[in-house]
Amino acid sequence: MLKSVQSLAEQAVGTPQISIFLSMDASNDEVAHIGKQLKQHASINQVKFVPRDQALEQLKQTTGLTDVIGGLAQNPLPDAYVIYPKYLMHKRWKRCAMNLKKWPKIEYVQLDSAWARKLEAMLKFGLLAVLILAVLLSFALIAVTFNTIRLQILTQREEIEVSKLIGATNAFIRRPFLYFGLLQGLLGGATAWFIITISLRLLNNSLSELTHLYASSFTLHLPSIGDSSILLLLSAYLGWLGAWLSVAQHLWQIEPR
Amino acid sequence: MIQFSQICKRYPGGYEALKNVSFEIAEGEMIFLTGHSGAGKSTLLKLIAAIERPNSGSIVVKGQNVSSIKGGALPYLRRNLGLIFQDHKILFDRSVFDNVMLPLQICGFDHRESAKRVRAALDKVGLLKREKNNPIGLSGGEQQRLCIARAIVNRPSILLADEPTGNLDKDYASDIMGIFKSFHQVGVTLLISSHDESILRQFKGRVLALKMGSYAHEKLADITYPRVVVYPAPFSHHTAIQPAKHSGDRHCTQLAGRHVFNA
């Protein structure tokens, strides 16, 4: 889910961009001149020109305010350049934006990334929180398997003892417990996968209704094959690890007397 | 086959179960281990199977020094031994057949081959008809025989039995002794602990007597075993278990002293 939001944010943020709005009275020559200068600027990677007519057209299309805009006597929008700086360092392109502001015929320079950065920071925070939660849950899984295997070992104490007496190696005794832990982890992982998939599908259903009303399309990604296999492998491994720890802890205590 | 030299075993808490015990058992011998409860019979058997470790001295079983055996080699030592326990140690969560199957599973035998062996072992102890039963329904004697079947299914060269006739009536006991004798005939080395005089009386072989763990002596019960091994006896006032008086060719050797060997 976080991944979905993150990819949405990446679409929005992508690389940092700066919008430069020219003053309304700038002539075509002046606009072209600024464009040329921007292209030559050392710290700018890419320059995109958005003419005022096109901007109006876009506004009409995306917001559904056709009537309102149609009622306007003239285009209220200025020509604009969207530039993509070469550097990702926030401080550097902030300085760059400040310089641009001083250029003639430039009305306003907007760092588009300010809100995106906030979102990004929040997402990072969310990701970290989720990671911490995942680590905690992993420990929980290990602890649960540890305990389950412990009980299993205690109930099969007699069998273990007899097996040791008639020549079972530790590996032989350990094996079924490790398999059990592995299977337990795998089942846990599979259950988690089903819950995630089903809830994402449910969310997507109601989300598509919602986004339809807002005339956009946004869906939560279902876990990919790669993600799913990582989930299953990791949970199986954690189950195995819990079992291994438990067996290592308890098996030596059971020595035949 | 089995060689004890100057074995001492002290349990935590200071109880001395065995003190300076030395003896040797040849391949194919059938030997009785006798002595009162607490004389150290069980301890001696446990030492051979490395269930307990001696505090000093060395035990050599089939050329392998058991007293210093590493954990990893232990299972392979035990696969050469058939252990018969006083308390049977039968698993009640599986059938008679599966109980006997366990040692073969542990050794990783092929299933069909091991099923054959299990049936052969069960037939030997007369439990073939009960193979599908749960051992909980078996009588004490039958459980003991099941334990024997489990011990022999692996065809070990040494069989150790701890009070195999412990809580059994005479008929069952002589049944089981008959089974042991048949193993002896096919060359298995047997060490049987018992305090049952009536069984000892029927037996013609070496008898190893332990008294209070602190000394051991040996009755030479059969002329075919001329070797006499005498164990250091710290007490001079010991009383030995007398050999059965009616068997004329038996005599008892007891000596208080150190390392006296006759041949």
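Residues numbered from 1 in each chain as written. Chains lettered and ligands numbered in written order. Predicted model: local features only at pLDDT ≥ 70, side-chain atom pairs only at ≥ 80, totals over all residues.

Engineer: In this structure, what is going on with the overall build of chain B? I would like to understand it.
Structural biologist: Summing up its helical and strand segments, chain B has seven helices and 13 strands in all. Burial statistics for chain B: of 263 residues in total, 42% are counted as buried. Within chain B, contacts between residues separated by at least 24 positions form 65% of all contacts whose residues are at least 6 apart in sequence. (Helix = DSSP H or I, 4+ residues; strand = E, 2+ residues; numbered from the N terminus. Buried ≥ 20, exposed ≤ 12 C-beta atoms within 10 Å, placed from the backbone. Contact = placed C-beta atoms within 7 Å.)

Engineer: I keep staring at the overall build of chain A and nothing clicks. Help me out?
Structural biologist: Along chain A, the regular secondary structure elements total nine helices and four strands. Order of helices (α) and strands (β) in chain A, N terminus to C terminus: α-β-α-β-α-α-β-α-β-α-α-α-α. Expressed as a percentage of contacts within chain A between residues at least 6 apart in sequence, the contacts between residues at least 24 apart total 81%.

Engineer: Sorry if this is basic, but what is going on with unusual backbone geometry here?
Structural biologist: Backbone phi values are negative for most residues with the exception of glycine, while trans is the configuration of most peptide bonds. Residue and element names in this part refer to chain B. Positive phi is not limited to glycine here, since Asn20 has a value of about 55°. Here Asn20 is to be found in strand β2 (residues 16-25). Exposure remark for Asn20: the 21 C-beta atoms within 10 Å place this residue in the buried category.

Engineer: What's the story with the interface of chain B and chain A in this structure? I'm lost.
Structural biologist: Reports of interface size often rely on the accessible area that becomes lost once the parts have come together. Between chain B and chain A, the residue contacts involve eleven residues of the former and eleven residues of the latter. Those elements that place two or more of their residues in the side of chain B that touches chain A are α2 (74-78) and α3 (96-107) of chain B. Taken together, the residues of the side of chain B that touches chain A sort by class into eight nonpolar, no polar and three charged. (Nonpolar A, V, L, I, M, F, W, Y, C, P; charged D, E, K, R; others polar.)

Engineer: How should the sheet that holds strand β4 (residues 106-111) of chain A be read in this particular structure?
Structural biologist: The strands making up a sheet associate through hydrogen bonds between their backbones, and the pairing can be parallel or antiparallel. Residue and element names in this part refer to chain A. Spatially, β2-β3-β1-β4 is the arrangement adopted by the four strands of the open sheet, whose pairing is antiparallel. On the outer flanks of this sheet lie β2 (44-50) and β4, each paired with one strand and no other. The average undirected angle you get between the axes of adjacent strands in this sheet is 20°. Here six bridges tie β2 to strand β3 (residues 80-85), and the two strands are oriented antiparallel to one another. Among the inter-strand pairings, Val47 is bridged to a residue of β3, identified as Ile83. (Pairing = 2+ DSSP bridges. Axes fitted to C-alpha atoms, helices over the stretch in contact; angles between N-to-C directions.)

Engineer: Hey, could you run me through the sheet that holds strand β1 (residues 2-10) of chain B in this one?
Structural biologist: Residue and element names in this part refer to chain B. The four strands are arranged β2-β1-β4-β5 in an open sheet whose pairing can be described as antiparallel. Each edge of the open sheet carries a strand with a single partner, namely β2 and β5 (64-65). Alignment of strand β4 (residues 56-61) against β5, held across two bridges, turns out to be antiparallel. Counted as the bridge partner of Val60 is Asn65 from β5. The strands touched by helix α1 (residues 41-48) are β1, β2 and β4; relative to β1, the strand with the most contacts, the crossing angle is about 120°.

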